[in-house]
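What the coordinates show
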Amino acid sequence: MKVKSLMHKVMGAMLALPLIPSLAHAFQAAPATRADYNGWTPHEHWDEVWHETMWDITILGVVFAIITIAFMVIYVRKGHGERGKLPQLSPQAKLGWVVIPCMLFLGDDLFLYVKGFDLHNHMRNVPTNAVEVKVTGSMWNWNYVDANGIDTDNELVVKVGTPVVLRMVSDDVLHSHYMNRYRVTEDLMPGRITWEWFMPNEEGESVVTCREYCGTMHSGMYGTVKALSEADYDAYVAEQAASVPSVTGVASAATTADKI
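Cut-offs and rules
Residues numbered from 1 in each chain as written. Predicted model: local features only at pLDDT ≥ 70, side-chain atom pairs only at ≥ 80, totals over all residues. Heavy atoms only, no water. Helix = DSSP H or I, 4+ residues; strand = E, 2+ residues; numbered from the N terminus. Expected span 1.5 Å × (residues − 1). Buried < 20%, exposed > 50% of the residue type's maximum accessible area, 1.4 Å probe, protein only. Contact = heavy atoms within 4.5 Å. Phe/Tyr/Trp six-rings, centres within 6.5 Å; stacked < 30°, edge-to-face > 60°. Lys NZ or Arg CZ within 6 Å of the ring centre and 35° of its normal. Pairing = 2+ DSSP bridges. Patch = residues over 30% accessible without salt bridge, like charges linked within 9 Å, V, L, I, M, F, W, Y side chains within 5 Å. Areas by Shrake-Rupley, 256 points an atom, 1.4 Å probe, with all protein chains shown as cover. Salt bridge = Lys/Arg side-chain N within 4 Å of Asp/Glu carboxyl O. Polar contact = N/O pair within 3.5 Å; in protein donor to acceptor, adjacent residues only side chain to side chain. pLDDT = per-residue confidence, 0-100.

1. Focus: helix H3 (residues 42–74)
Spanning 33 residues, H3 covers 48 Å between terminal C-alpha atoms, matching the ideal 48 Å at 1.5 Å per step. Within H3, the full set of buried residues consists of Pro-42, His-43, His-45, Asp-47, Val-49 and Asp-56. Of the surrounding elements, those touching the buried residues of H3 are helix H4 (91–124) and strand S8 (194–198).

2. A short note on the packing of aromatic side chains
Taken as a whole and assessed by the stated rule, the structure comprises six aromatic pairs. With a centroid separation of 5.6 Å and an interplanar angle of 45 degrees, the aromatic rings of Phe-64 and Phe-105 are classed as tilted. Taken as a pair, Phe-64 in helix H3 and Phe-105 in helix H4 lie far apart in primary sequence, 41 residues in all. Judged by relative accessible area, which is 35%, Phe-105 ranks as partly exposed. With a centroid separation of 6.0 Å and an interplanar angle of 20 degrees, the aromatic rings of Tyr-113 and Phe-117 are classed as stacked. Residue Tyr-113 and its partner Phe-117 are both found in helix H4; the two are separated by four residues, about one turn of the helix. The ring centre of Trp-195 lies 3.8 Å from the NZ or CZ of Arg-124, which sits over that ring.

3. Section: the pairing of strand S2 (residues 141–145)
Counted residue by residue, S2 has five buried out of five residues, so it is predominantly covered. Burial along S2 is two-sided: the face carrying Asn-141, Asn-143 and Val-145 and the face carrying Trp-142 and Tyr-144 are both buried. In terms of strand pairing, strand S1 (residues 131–138) meets S2 through five bridges, oriented antiparallel. Residue pairing for S2: Thr-136 is matched across the bridge by Asn-143. Taking the residues that link successive antiparallel strands as the turn, the S1-S2 hairpin has two residues. Across three bridges, the pairing between S2 and strand S3 (residues 151–153) is antiparallel. Within the sheet, the bridge partner assigned to Asn-143 lies in S3 and is Asp-153.

4. Things to note about a nonpolar patch on the surface
Among the surface-exposed residues, Trp-55, Ile-59, Leu-60, Val-63, Phe-64, Ile-67, Ile-69, Phe-71, Val-73, Ile-74, Tyr-75 and Phe-105 lie close enough to one another that they form a single nonpolar patch of about 1300 Å² accessible area. At 10 residues, H3 tops the list of elements feeding residues into the nonpolar patch.

5. With respect to the environment of His-175
On the secondary structure map, His-175 appears in strand S6 (residues 175–179). Relative accessible area serves as the criterion here: at 0%, His-175 is assigned to the buried category. Separated by 15 residues in sequence, His-175 and Pro-190 have C-alpha atoms that sit 9.4 Å apart. Setting aside its immediate chain neighbours within four residues, His-175 contacts Gly-137, Ser-138, Met-139, Trp-142, Ser-170, Glu-186, Asp-187, Leu-188, Cys-210, Glu-212, Cys-214 and Met-221. Looking at His-175, its side chain comes within polar contact range of the side chain of Asp-172, at 2.8 Å.

6. Some remarks on the pattern of salt bridges
Enumeration according to the criterion identifies six salt bridges in this entry. Note that Arg-167 and Glu-132 form a salt bridge whose closest N and O atoms lie 2.8 Å from each other. Of this pair, Arg-167 sits in strand S5 (residues 164–170) while Glu-132 sits in strand S1; the two residues are 35 residues apart in sequence, bridging distant segments of the chain. Between Glu-202 and Arg-181 there is a salt bridge, and its shortest N-O distance comes to 3.5 Å. Remark: Arg-181 occurs in the loop between S6 and strand S7 (184–188) and Glu-202 occurs in the loop between S8 and strand S9 (204–210); sequence separation between them is 21 residues.

7. Section: the confidence of the model for the protein chain
The pLDDT averaged across the protein chain works out to 83; a share of 78% of its residues lies at or above 70. Contacts for the low-pLDDT stretch residues 32–36, under 50 throughout, to residues beyond four places or in other chains number seven contacts. Confidence over residues 247–253 falls short of pLDDT 50; this stretch has eight contacts with residues more than four positions distant or in other chains.

This is the structure in structure tokens:
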């Protein structure tokens, strides 16, 4: 009896084996540190997790579809009144048919969970060299004040290769600052500062929209993010400083976020 009990325990422990490779692969695929973007931007990381999830769902769906169709063909009723016969399974076989598929699915779910958790940590660890931009949302406008004191509405200009952290607050109702290109969104609330960061790794222009319904002109609350090369960005800053004499005053002016 002791040997039989021991065998049952060993078999039970072996049921957890499918979890090990999935977890090991997930942790191995995750870089050890996220202190900086290390050449792998958060939105590229997001794309990778998204594609893996889609492949995972697609493969499982195709496998299940094939098995279902095969069962429909193999076990189709051959004649009127025909009745199938249930196979006689041992208790161990019954347990295996229930537990092993569950463990396989659990292993797959844990794999995706680890990948998603790693992505979450990546997006919540702001690089130490990130430049800060103050953002104030209001019906229906995005106001940006960057580290140079340049104050703009519905247009944020950043430098390629430098991570940017947005410190955000709302003047009135709930808004959500969504940058599709950089795969980030975060709510803005009155009286509370929230933040998000992104890594402009290529030159170009992308759209900012509000993802939280904030009134009748919610659909018109959008802006742009322009990522410029270092030379173009320096020229932009110089041009803004020359054309807006009060930029220094703007830089010293307190934003809504500063007052909180």
